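Spelled out, the chains give:
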Number of protein chains: 4
Amino acid sequence: MTVRFGVLGAGRIGQVHARAVASVPGATLVAVADPVAAAAEALQQSYGCDIRTIDEIEAAADIDAVIICTPTDTHSDLIERFARAGKAVFCEKPIDLSVARVIDCLKVVKATDATLMVGFNRRFDPDFQALKAAVDAGRIGKVEMVTITSRDPGPPPYAYIERSGGIFRDMTIHDFDVARWLLGEEVETVQAAASVLVDPKIGELGDFDSVNVILTTASGRQATITNTRRATYGYDQRIEVLGSGGTVAAENHRQANIEIANGEGFHRPPLLDFFMTRYTAAYAAEIVAFIEALSTKTAPPTTGHDGLMALALADAALKSVAEGRRVNVSEILDA
Amino acid sequence: MTVRFGVLGAGRIGQVHARAVASVPGATLVAVADPVAAAAEALQQSYGCDIRTIDEIEAAADIDAVIICTPTDTHSDLIERFARAGKAVFCEKPIDLSVARVIDCLKVVKATDATLMVGFNRRFDPDFQALKAAVDAGRIGKVEMVTITSRDPGPPPYAYIERSGGIFRDMTIHDFDVARWLLGEEVETVQAAASVLVDPKIGELGDFDSVNVILTTASGRQATITNTRRATYGYDQRIEVLGSGGTVAAENHRQANIEIANGEGFHRPPLLDFFMTRYTAAYAAEIVAFIEALSTKTAPPTTGHDGLMALALADAALKSVAEGRRVNVSEILDA
Amino acid sequence: MTVRFGVLGAGRIGQVHARAVASVPGATLVAVADPVAAAAEALQQSYGCDIRTIDEIEAAADIDAVIICTPTDTHSDLIERFARAGKAVFCEKPIDLSVARVIDCLKVVKATDATLMVGFNRRFDPDFQALKAAVDAGRIGKVEMVTITSRDPGPPPYAYIERSGGIFRDMTIHDFDVARWLLGEEVETVQAAASVLVDPKIGELGDFDSVNVILTTASGRQATITNTRRATYGYDQRIEVLGSGGTVAAENHRQANIEIANGEGFHRPPLLDFFMTRYTAAYAAEIVAFIEALSTKTAPPTTGHDGLMALALADAALKSVAEGRRVNVSEILDA
Amino acid sequence: MTVRFGVLGAGRIGQVHARAVASVPGATLVAVADPVAAAAEALQQSYGCDIRTIDEIEAAADIDAVIICTPTDTHSDLIERFARAGKAVFCEKPIDLSVARVIDCLKVVKATDATLMVGFNRRFDPDFQALKAAVDAGRIGKVEMVTITSRDPGPPPYAYIERSGGIFRDMTIHDFDVARWLLGEEVETVQAAASVLVDPKIGELGDFDSVNVILTTASGRQATITNTRRATYGYDQRIEVLGSGGTVAAENHRQANIEIANGEGFHRPPLLDFFMTRYTAAYAAEIVAFIEALSTKTAPPTTGHDGLMALALADAALKSVAEGRRVNVSEILDA
C-alpha cells in the first residue's frame, strides 16, 4: 500500500514533512499547497510534486492523506474540513490554542471516524524510542521521576512569538507530551515558574523565555521540565527517567563525534543546531507510523487526545504562573 | 599557626571531620568527646587524641576550636556555649530545625564576636569549586538557571528520619545552599512538590522521599532541585549552571574510571557510594578554609547566615507542599 | 547535471552503493547487472532500475558511469573494459590483489583518460571528515602520530577469506588508506605482527585474524593500526591523530545514544553492527564526491594511485610478518 | 606491625615516596638521606623525620626498610648494600641500565634472602587495578591484545635525558611492565619504531622522543605501546585490553570533572599534569603493598625479576630500531 500525500503549507515545517514523505517507502508526495508561490515551487522542484490549492487537494481522488503545516490558527478548521472530506489527517501541533476549540474539533473527528495524528515528533526519535523501550522492558523498575531538559538554540522572530500562544503552548508543549508519554500515568497537577531572562522584548510581548515546570501524577510520580529560548551551544534535548531500579538517560547529538585536545583541554563540537537536523530521523519515523496506522487501520500513536492533553498542561502552567499556585489539570479541562 | 581542635560527637560525621583534621596541615586533633565510649575510643586509637568531656573541652586552654558533630537538637546550645567560651566553632548543618531558634543563636554568636562556620561541605568540593570559578570568570555569561540533581543511594534509618526534620531540612538543605551559592542572588520564592515513592513507611513517619523544588530570585533567575532517597547506581551529585553565554556542569564520580564492552554493550562501574567517599576532598578543604578564616581573621566562607537561609528555604518548601502555592521566603523569615 | 549509473554486482556492497545512488541528488540508478537473478531483481524492485548484462551496460548510451561491486578478481578487467568504453568508473577496493596487475590496469586508465575512483569509503565519513578538517586547520599543529583502531564484529565466511588475499589486503587496506590520508606524507617503511587468536581455521587457510602494524614516513611520522576480526561489542572504528599542538580523535557510533544506570553500574548499547550501518552516510558522500569530480572534471578524491599504494602497504606488511623485519615500501613497488 | 622507613634521595620521586609513607597506616618515616641539605631539610620539615647519612641508615637499628630514590647509577650498589645489611628494599625503577648488572644484583638479593620490590607504580593505580580485576574475573574472556597509550606532558631536561638510558629504558619501561602484567604470558619478540619529532636536540643526544612498539607472546598475543615526550593536553595514560569476549579500558583523569559548553562547543579541562598528581593513590598503594609483603613474609607484587624483564624489553626495542628487525627477548637475556 502506498499512501498519497498532500502537504498543506510549504514553510519550514512543511519542508521537513515533505522531505520525510519523499524519503519513506510507502509514501508518495502528490501535491503541495501554499499561498506563497515561491515556497510551493521550491517543494515542487525538489520532489516533483504538483502545486494545488487547498480546495483542489480536498477534492482530489488521488490524495489519501494530508499533512497540515499551515499557521496554527487554521489547524482546527482544516482538520474538520479534511476529516469530513474523508482524508486521513496528520496535523502539526498544536490543534488550536484554545482548549475549548480543540475539544470541539475532536468531536468532529470522532463523528467522521477520520484518522487524526498529531505531530509530536519527539516520541519517534530513535534514541527516545530506545529509552522508552528500556523503561517498558522494566530496566529501571517502576517509573518515579522524569527530567526533561529542552532548550532552543535561540528565540524565534517576534512575529512568531506574537502568534505562538506563548512559550508553554509553543515550546513546552512538546515536553508536556514527552512527560505524559514517559510518566505512564496522567498528570494531575502543574506548578510552574516563568521569567524573561533572554530578551526583554519577549516580555513586552507578554511571553516568557525561561521556564521550569513540575508535573505530578495521582500516585505521586513527578516530571520536571526546564526550558530556555537560548542555548548558545546548540539545540539541547535531554531526557532522563528515574525508576525504582535505576535511571535511563538519552544523550544529546553533536555536530560531529570528534574531540580535540590541546593546552586548554578537551573540546567537542556544539550540538546539532535545531529540530530540522536533530529530529530528521524522527520526522521520517513519524510519517512511517502514520502510514502504518492507516494501513493497519489502527489508532495512530499520537492522537487528538494527546494534542488536547498537552495543551491543557500548557494552560495549567500558565495559570500556575499567574496565580502562584499548584493548578489541577481538571480546572482546565472542565472549565 | 596550628589550630588545635576538639571534636564533639564521634559518630559518622564526627569520624569524617576527625579524619579531615588529621590530614590537613595546620590542624591538630587534640580531643574528642562522645558519651558512647567505643566511638570516642575508635578516634583516639586512629589519631592519638585525648578523650575528654564536653565540659573539659569547653574549659581547655589547649583547644582553639570545636567541630560540633552531635545530634541536631544540641547544635544551637553548643554553638552558644562555645562561642561564649571564646572558641571558634565549626558546626555541622543544620544549626537547628527552628528558624526562630537559629536567629536567636546567631544573635549570641554576633554578641560574642565568635567565628562560626556552618558545614556546607559541597561548596568545597574541587569540581564544584572549578564550576564556580568558571561561573565567576564569566565563562557562561550571566547566570540564568541552576539545575541540581542530588540523590542519595538509599534512605537513612527510620530513627534518623524521625529526628531529621524531614527531607527538606535534612537532605535538600545542602542543595538549597548550593543553589544560593551559584544563583548569585538571594532566593525570593519557593515552589515544591513532594511524594512518597521509595518507602511508604517514610510517609507514615510524616516525611517524603522524592521531591522537586523550583527557586526564583527577584530578577527571575531560577534554580531547580531534584531529590530522591534511592538511587540504585550510587550517590548522584550533579550540578549545572546555565548562563547567557553557555552552560557548565559538574560530573559524577565513579568507583573506578574503567569501561568494559561486550555483546551487551558498554559498562562503567556505579558511582561512589555516599558522601564519605564522594566528598573526602571537600571535607578536608572545608577544614582548611576554616583554619584560613581563623588565621586571617576573616569571615568563614559559609556563615551562620548561610545556615539560616538554607533552613528558611527548607521551611518555605515544606509550606509550599502543604499549601499548594508559591511561598515567599520572607513569609518564613518574618514569621 | 545528473549522472546515470550502472551497478555491476548486486551483492552486499552492491546493495550499499545502489542505496547510496538512489538517495543522492544528481544521481540516477539506471541499471544493475548480476548473474544471480534474485540479487538483481531485489535491486530492481527497490529502486525501479533495469536489469541488464554487463555487455549491455558497456554498450548503453544512457549510462555515464559504473560502480564495480563484482568479486575482486574481476575488478581490473572491468576497470579496463569500461575505461575503454568511455565510462567513468567507481571501483570497490581493491583494484586487484597483485600490485603488478594494478600498475598495468592504471596504465590503461591513464591511456584512456578515464575517471577512476577507488572506494575508500571511510575518507567520506562525516566524523572523519571533521577530524581531517581539524588537522588541516592546524588545530593540533604538525601531525606526528596516527592511531587507528579498526575491529570487525566477527570474521567473514571461510570462502570469503580464501579469496580475500588475506587480512592485510582485505581489511587493513582501508586503514592503510586512512593512515596515508592523515599522515600527510607517504609511508616509507612497514613493520607488522600477525597472529591467529580468533579462529584456528583462519590460520589453516593461511590467513591471520589479529594484527598490528607500524608505518613510518621519511620524516619519522608514525601510524599504528590495530585489527581484529572479532569485537563482541560491535564494529569498532576509532581514529586519533596526535600533533605537536594536541590530539584529535573520532569516536565510535552506538546503536542508540542512551545510558542505563542500575546497581551494576552504567550501561550503554553496543556499537553499530558493521559497515553498512556505520558508514551509511559515508557511502552516500562517496557517490556525491564521484559525481562532483565528474561534473567539475577534476580528479576524484580517491584515485587509482591511492588503491595501488594501500595495496603496496598491505604487501609490505605481509612481507614484514614473513621475514621478521622492517620492509621498505619501495621493495614492493619496484619489485 | 609498623614498618620504619629510611628514604634515600629527597628529589622529586623521593618526595613522592616520603608523602606516601607519611599517609599510609603501618608505615613511619624515620629518616631521609640526601647530599643536598635543602632537599633533606624540606622532608624533615614536612614530616618531622631525621636527616641521616646513608651509612647511618644502613647501620640503624630503628629502620626496617629503605626506599631507594637516588640516581639510577647508584641503584644496584645500594640494593646490594642494604640487602646485605638485612633491610627490606624498595627501589625505584630501573635497577640498573645494564641487564648484566641487574642479573648480578639480583643474585646478591637472592643470596641474602632480602625482600626487594621494584617501583612499578602503575600496577597499583586503583583504575588499573580495577581493569586488571575485570580481566582476571574473565569479564573480557581470554586476553588477546593490550593497547597502551602513554604520553608525557613534556620532555625532561637534557641533563636528565643524557643519564636516562634513553626513552625505552626511562619512559617505556613502565609500559613494558604494564604490558607484561596484563598479557598474562611472557613476551617473546619485540618490534619498535622510534623518531625524533618533538625536539631535534633530543636526537642530538642520541635519544628518541616518539616511539611505537609491538610485543608478541609465544601464543600470539600482542601488545602495542605508543609514547611521546609531549602531549600538550596533559599526562595521557590509557590502557585497553581486548579479549575474546570484549574489551576493557581505563580512562584518563582530568584536572576537574566539569564541562563548559558555549558557541564553540563543549570543553573539559586538561588531564592531570604528570605522575605526581596522576599517580598519588598508586604511590601510596605501592607502599601499602610493600608493607603487606613484609608483614606477611610473601613476595612483593613487583619483584627484581619484573625489573629485569622490563629492562630486557627496553633493550630489545632499542635493538629492533637499530637493526630494523623483530628481536627475540632471549637475544638480550642470553647475551
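You'll find the structure just up there.
Residues numbered from 1 in each chain as written. Chains lettered and ligands numbered in written order. Predicted model: local features only at pLDDT ≥ 70, side-chain atom pairs only at ≥ 80, totals over all residues.

This brings us to the interface of chain A and chain B. A common way to state how big an interface is: give the accessible area lost once the parts meet. Contacts between chain A and chain B engage 26 residues on the former and 26 residues on the latter. Elements that contribute at least two residues to the side of chain A that touches chain B include exactly strand 7 (143-151), strand 8 (187-195), strand 9 (210-217), strand 10 (222-228) and strand 12 (246-250) of chain A. Classifying every residue of the side of chain A that touches chain B gives 7 nonpolar, 16 polar and 3 charged. (Contact = placed C-beta atoms within 7 Å. Helix = DSSP H or I, 4+ residues; strand = E, 2+ residues; numbered from the N terminus. Nonpolar A, V, L, I, M, F, W, Y, C, P; charged D, E, K, R; others polar.)

Both copies of the chain are placed relative to one another by a rotation about an axis and a shift along it. With an axial shift of 0.0 Å and an RMSD of 0.1 Å, the rotation relating chain A to chain B amounts to 180°. In short, the pair behaves as if placed about a two-fold rotation axis. Of every C-alpha in chain A, the one belonging to R325(A) sits nearest the axis of rotation, 1.9 Å from it. A symmetric contact is evident, with 100% of the interface residues of chain A recurring at the interface of chain B. (Least-squares fit on C-alpha atoms with pLDDT ≥ 70 in both.)

Right, let's talk about the sheet that holds strand 3 (residues 50-51) of chain A for a bit. The strands that make up a sheet are held in pairs by hydrogen bonds between backbone atoms, and each pair lies either parallel or antiparallel. All names here are of chain A. With respect to topology, 6 strands assemble into an open sheet ordered 3-2-1-4-5-6, the strand pairing being parallel. Both outer strands of the open sheet, strand 3 and strand 6 (116-119), are each paired with one neighbouring strand and no more. Where strand 4 (residues 65-68) and strand 5 (residues 88-92) come together, 4 bridges link them in parallel fashion. The partner of I68 across the bridge, within strand 5, is C91. Running over the sheet, helix 1 (residues 12-23) touches strand 1 (3-8), strand 2 (27-33), strand 4 and strand 5 and is turned about 150° from strand 2. This element, helix 2 (residues 37-47), spans strand 2 and strand 3 of the sheet and lies at about 155° to strand 2. (Pairing = 2+ DSSP bridges. Axes fitted to C-alpha atoms, helices over the stretch in contact; angles between N-to-C directions.)

Here we come to the interface of chain C and chain B. In this complex, chain C contributes 11 residues to the contact, which on the side of chain B involves 11 residues. Elements with a contribution of two residues or more to the side of chain C that touches chain B: strand 13 (258-262) and strand 14 (265-268) of chain C. If you tally residues by element for the side of chain C that touches chain B, the top one is strand 14 of chain C, at 4 residues. Residues that form the side of chain C that touches chain B fall into these classes: 5 nonpolar, 5 polar and 1 charged. Where strand 14 (residues 265-268) of chain B lies against strand 14 of chain C, 3 bridges are found, and the strand directions are antiparallel. Counted as the bridge partner of H267(B) is H267(C) from strand 14 of chain C.

A separate point is the packing of helix 1 (residues 12-23) of chain D against helix 11 (residues 280-296) of chain D. Residues and elements named next belong to chain D. Their axes nearest at 9 Å, the elements helix 1 and helix 11 cross at an angle of 65°. When the axes of helix 1 and helix 11 are compared, the crossing they make is right-handed. Here helix 1 contributes V16, H17, A20, V21 and S23 to the contact with helix 11, which in turn contributes Y283, A284 and I287. Of the residues contributing to the contact of helix 1 with helix 11, the split by class is 6 nonpolar, 2 polar and no charged. (Left-handed = near helix turned anticlockwise from the far one by under 90°.)

A few words now on the sheet that holds strand 4 (residues 65-68) of chain C. Residue and element names in this part refer to chain C. In spatial order, the strands read 3-2-1-4-5-6; together these 6 strands make up an open sheet with parallel pairing. Strands with a single pairing partner mark the edges of an open sheet, and in this sheet they are strand 3 (50-51) and strand 6 (116-119). Bridge count for strand 1 (residues 3-8) against strand 4 is 4 bridges, and the pairing is parallel. Residue pairing for strand 4: L8 is matched across the bridge by I68.

The next point concerns the relation of the copies chain C and chain B. Least-squares fitting of chain C to chain B yields an RMSD of 0.0 Å, with the transformation described by 0.0 Å of translation along the axis and a rotation of 180°. Of the residues that chain C buries at the interface, 100% are likewise interface residues in chain B, meaning the two copies contact each other through the same surface.

On to helix 6 (residues 126-136) of chain D, then. Buried residues of helix 6 of chain D: D127(D), F128(D), L131(D), K132(D), A134(D) and V135(D), and no others. Buried residues along helix 6 of chain D cover an arc of 155° about the axis, so they all sit on one side. In this structure, the buried side of helix 6 of chain D is in contact with strand 13 (258-262) of chain B together with strand 7 (143-151), helix 8 (167-183), strand 11 (236-243) and strand 12 (246-250) of chain D. G138(D) sits one or two positions beyond helix 6 of chain D and adopts a positive phi of about 80°. (Buried ≥ 20, exposed ≤ 12 C-beta atoms within 10 Å, placed from the backbone. Arc of directions from axis to C-beta.)

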